[in-house]
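One letter stands for each residue in the lines below.
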Amino acid sequence: MEEPYIQELFAERIGGKKFGKEDKIYKFEKIKRAKREALKNNPGVELIDLGVGEPDEKAFDMVIDALKREAEKPENRGYADNGIEEFKEAAVRYLENVFGVKGIDPETEVVHAIGSKSALAMMPSAFINPGDMVIMTVPGYPVFGTHAQWYGGIVYNVMLTKENSFLPDFNSIPLEVCAKAKVMVLNYPNNPTGVCADENFYHRAIEFAKKHKILLVIDAAYAALTYNRKPFSFLSLPGAKDVGVEIHSLSKSFNMTGWRIAFVAGNMRAVQAFAMVKDNYDSGQFKAIQKAGVVALDNYYLTDTIKSKYERRLKKLVGTLQKLGFEVKMPEGTFYLYVEIPKGMKGGRRFKNAEEFSQFLIKEKLISTVPWDDAGHFVRFSATFEAKDVDAEGRILEEVEKRLGELQFEF
Ligand SMILES: Cc1ncc(COP(=O)(O)O)c(C=O)c1O
């Protein structure tokens, strides 16, 4: 029998005594339930999952072979603490080779992390005192903000809207927020909007950070996945290292999601503070994974194969949606397509929000997407659906076109 007093012990940050008892159903649980129901009601019909937020393929053989080799070596068995030199040096080479970033010192300006999620979760503990503010963009990846709040920090959300091209408007941020803010988190190429930020934007971000004495945390999880534009790093700009750090991940660029390997690079004091905190959370990623990571980073061209697959899939999806009347264009980066929902069906039902539209697509057409209702009403299609080869991929995309083509949308 479970001891009833355990329920009394939970911290307020996770809901206190109410933890696990609230009946609020979260977005991803709603999607899961709708998928289950749709499959039950349509036996034998294939569910097409365009809601997945991670690569559909395994890592490259070259990288897997390196892991196999390195995993055997006794010298790789132990705690890795704040990381091995080889990985930091490879991170510096990667920044230079892919983004043209120069002058990063591997010893003092780079630290590995067990995935960028974990880096974003730990970093607030190095900066946030109760009452400090953090500027986050919405819709977005909320991890830094969640932890900042757990430390008593306050999150100020800047909306990414179609009207501002999904870039934050620095001038819209109230001065009292700027005064209290210690950190601003930016993520480009952006999940979920697929938008990239250019050099001009980052110049403005650096100026804003300097003016208000704010640390910029650039979440560059999708940095290498760009279409028709060169991958860009904020660290390639003069002054960037004075005001911020950038977090790179091997998850999406090298299909290494489950391997958990990333790095934080940039401002030395911020990197060292992160390292200090990290040292108190974990003992570093398995050295064999770091060494396999070196192979990936040094063979950065591998990302091109991934990129061309997503590009092919996204182009086809964009074409399908355009034919149906959606206002949509090829994303600049990531593997997501962020699409404004239609008003409803011609002469039929209306969609109040993206959640309703997404539920409708799952239940009626067995096509799963992720709804975003934070700043306008959009659904996110992802190009990472599973398909064993190009033919299978083509068949799935044809099927999407066929199923959606049976509907008459009103915009
Ligand atoms: C914007 C963004 N940042 C960070 C992450 C975390 O990536 P990882 O922890 O695998 O490096 C993700 C994963 O979906 C993401 O979308």
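Colleague: Would you explain the pairing of strand E7 (residues 244-249) in this entry?
Modeller: The two faces of the sheet receive side chains in turn, since in a regular strand these alternate between them. Burial runs high along E7: 6 of the 6 residues are buried. Residue alternation in E7 divides its side chains into two sets, Gly244, Glu246 and His248 and Val245, Ile247 and Ser249, and both sets are buried. Examined bridge by bridge, strand E6 (residues 215-220) and E7 share 5 bridges and lie parallel to one another. Residue pairing for E7: leucine 216 is matched across the bridge by glycine 244. Summarising the sheet, E7 and strand E8 (residues 262-266) pair through 5 bridges and their orientation is antiparallel. Within E8, the position partnered with histidine 248 by the bridge is phenylalanine 263.

Colleague: Please clarify how the pattern of salt bridges should be interpreted in this entry.
Modeller: A side chain of one charge can pair with a side chain of the opposite charge if their charged atoms are brought near each other. For the structure shown, the criterion picks out 33 salt bridges. Salt-bridge contacts for lysine 68 lead to aspartate 65; the nearest nitrogen and oxygen are separated by 3.8 Å. Of this pair, lysine 68 and aspartate 65 both sit in helix H2 (residues 61-72), 3 residues apart, roughly one helical turn. Look at lysine 68 and you get exposed, because its relative accessible area is 54%. Salt-bridge contacts for glutamate 109 lead to lysine 241; the nearest nitrogen and oxygen are separated by 3.2 Å. Residue glutamate 109 is located in the loop between helix H3 (85-99) and strand E2 (110-113), and its partner lysine 241 is located in helix H9 (residues 240-243); the two are separated by 132 residues in the primary sequence. For glutamate 109, a relative accessible area of 10% puts it in the buried group. Salt bridges sharing partners connect three or more residues here, namely Asp56, Glu57, Lys309, Arg312, Arg313 and Glu393.

Colleague: Explain the side chain of glutamine 285 here, please?
Modeller: Its place among the elements puts glutamine 285 in the loop between helix H11 (268-279) and helix H12 (287-298). Polar contacts involving the side chain of glutamine 285 include one to the main-chain carbonyl oxygen of tryptophan 259, which spans 3.0 Å. Ignoring sequence-local partners within four residues, the contact set of glutamine 285 consists of Ala80, His112, Ile114, Trp259, Arg260, Ile261 and Gln290.

Colleague: Whenever I open this one, the site of the ligand confuses me. Can you help?
Modeller: By nearness alone, 13 residues border the ligand, and Ser116, Asp219, Ser251, Lys252 and Arg260 come closest of all. Contact distances for the ligand include 2.7 Å between an oxygen atom and a side-chain N or O atom of tyrosine 222. Between the ligand and the protein, one listed contact pairs an oxygen atom with a side-chain N or O atom of serine 251 at 2.6 Å. With the chains in place, 92% of the 390 Å² that the ligand exposes on its own is no longer accessible. Among the elements of the structure, helix H4 (116-122) and helix H10 (250-253) are those that each provide at least two residues to the shell around the ligand. Partitioned by chemical class, the residues of the shell around the ligand number 3 nonpolar, 6 polar and 4 charged.

Colleague: What's the story with the pairing of strand E9 (residues 336-340) in this structure? I'm lost.
Modeller: Burial within E9 is extensive, with 4 of its 5 residues counted as buried. By the bridge criterion, 5 bridges tie E9 to strand E13 (residues 378-382) in an arrangement that is antiparallel. By the bridge assignment, tyrosine 338 is partnered in E13 with arginine 380.

Colleague: Would you explain a negative patch on the surface in this entry?
Modeller: A cluster of like negative charges, contributed by Glu85, Glu86, Glu89, Asp105 and Glu107, occupies part of the molecular surface. Classification of aspartate 105 as partly exposed rests on a relative accessible area of 31%.

Colleague: Can you walk me through the environment of asparagine 82 in this structure?
Modeller: Relative to the helices and strands, asparagine 82 resides in the loop between H2 and H3. A relative accessible area of 19% means that asparagine 82 is categorised as buried. Asparagine 82 sits 31 residues away from alanine 113 along the chain, and the two C-alpha atoms are 8.1 Å apart. Not counting residues within four places of it along the chain, the set of residues in contact with asparagine 82 comprises Lys88, Val111, His112, Ala275, Lys278 and Asp279. Within the local environment of asparagine 82, its side chain forms a polar contact with the backbone oxygen of alanine 275, the two atoms lying 3.0 Å apart.

Colleague: Please explain the packing of aromatic side chains as it appears in this structure.
Modeller: The description of an aromatic ring pair uses the distance of the two centres, along with the angle that the planes make with each other. As enumerated under the stated definition, the model contains 25 aromatic pairs in all. Of the aromatic side chains, those joined through ring pairs into one cluster are Phe170, Tyr188, Phe201, Tyr202, Phe208, Phe232 and Phe234. The residue whose ring lies beneath lysine 27 is tryptophan 372, and the NZ or CZ to ring-centre distance is 3.6 Å. Lying over the aromatic face of phenylalanine 385, arginine 313 brings its terminal NZ or CZ to 4.1 Å of the ring centre.

Colleague: Help me understand the sheet that holds E13, please; the structure alone is not making it clear to me.
Modeller: Adjacent strands of a sheet pair through backbone hydrogen bonds, lying either parallel or antiparallel. Strand order in the open sheet made by the 3 strands is E9-E13-E12, with antiparallel pairing throughout. Lying at the two open borders of the sheet, with one neighbouring strand each, are E9 and strand E12 (370-372). Strand-to-strand, the axes of this sheet are offset by a mean angle of 30 degrees, without reference to chain direction.

Colleague: Looking at this model, I keep getting lost on the domain arrangement of the chain. Mind explaining?
Modeller: Size of an interface: often given as the accessible area lost when the parts come together. If you check the domain split of the chain, you get domain 1 (4-57 + 304-410) and domain 2 (61-302). Here domain 1 and domain 2 have C-alpha centroids that lie 27 Å from each other. Between domain 1 and domain 2, the residue contacts involve 28 residues of the former and 33 residues of the latter. In this assembly, domain 1 packs against domain 2 so that about 2,600 Å² is buried in total across both faces, 58% of it on carbon and sulfur atoms. One salt bridge connects arginine 229 with glutamate 332, and the closest N-O pair in it is separated by 3.3 Å. Taken together, the connections running from domain 1 to domain 2 amount to 15 residue pairs in polar contact (both at pLDDT 80 or more). Every element with two or more residues in the side of domain 1 that touches domain 2 is listed here: helix H13 (302-323), E9 and E13.

Cut-off values and rules
- Residues numbered from 1 in each chain as written.
- Predicted model: local features only at pLDDT ≥ 70, side-chain atom pairs only at ≥ 80, totals over all residues.
- Heavy atoms only, no water.
- Buried < 20%, exposed > 50% of the residue type's maximum accessible area, 1.4 Å probe, protein only.
- Helix = DSSP H or I, 4+ residues; strand = E, 2+ residues; numbered from the N terminus.
- Pairing = 2+ DSSP bridges.
- Salt bridge = Lys/Arg side-chain N within 4 Å of Asp/Glu carboxyl O.
- Polar contact = N/O pair within 3.5 Å; in protein donor to acceptor, adjacent residues only side chain to side chain.
- Contact = heavy atoms within 4.5 Å.
- Near = heavy atom within 4 Å.
- Areas by Shrake-Rupley, 256 points an atom, 1.4 Å probe, with all protein chains shown as cover.
- Nonpolar A, V, L, I, M, F, W, Y, C, P; charged D, E, K, R; others polar.
- Patch = residues over 30% accessible without salt bridge, like charges linked within 9 Å, V, L, I, M, F, W, Y side chains within 5 Å.
- Lys, Arg positive; Asp, Glu negative; His and termini not counted.
- Charge placed at Lys NZ, Arg CZ, Asp CG, Glu CD.
- Phe/Tyr/Trp six-rings, centres within 6.5 Å; stacked < 30°, edge-to-face > 60°.
- Lys NZ or Arg CZ within 6 Å of the ring centre and 35° of its normal.
- Axes fitted to C-alpha atoms, helices over the stretch in contact; angles between N-to-C directions.
- Domains from an automatic or database assignment.
- Buried area = accessible area lost by both parts, 1.4 Å probe.

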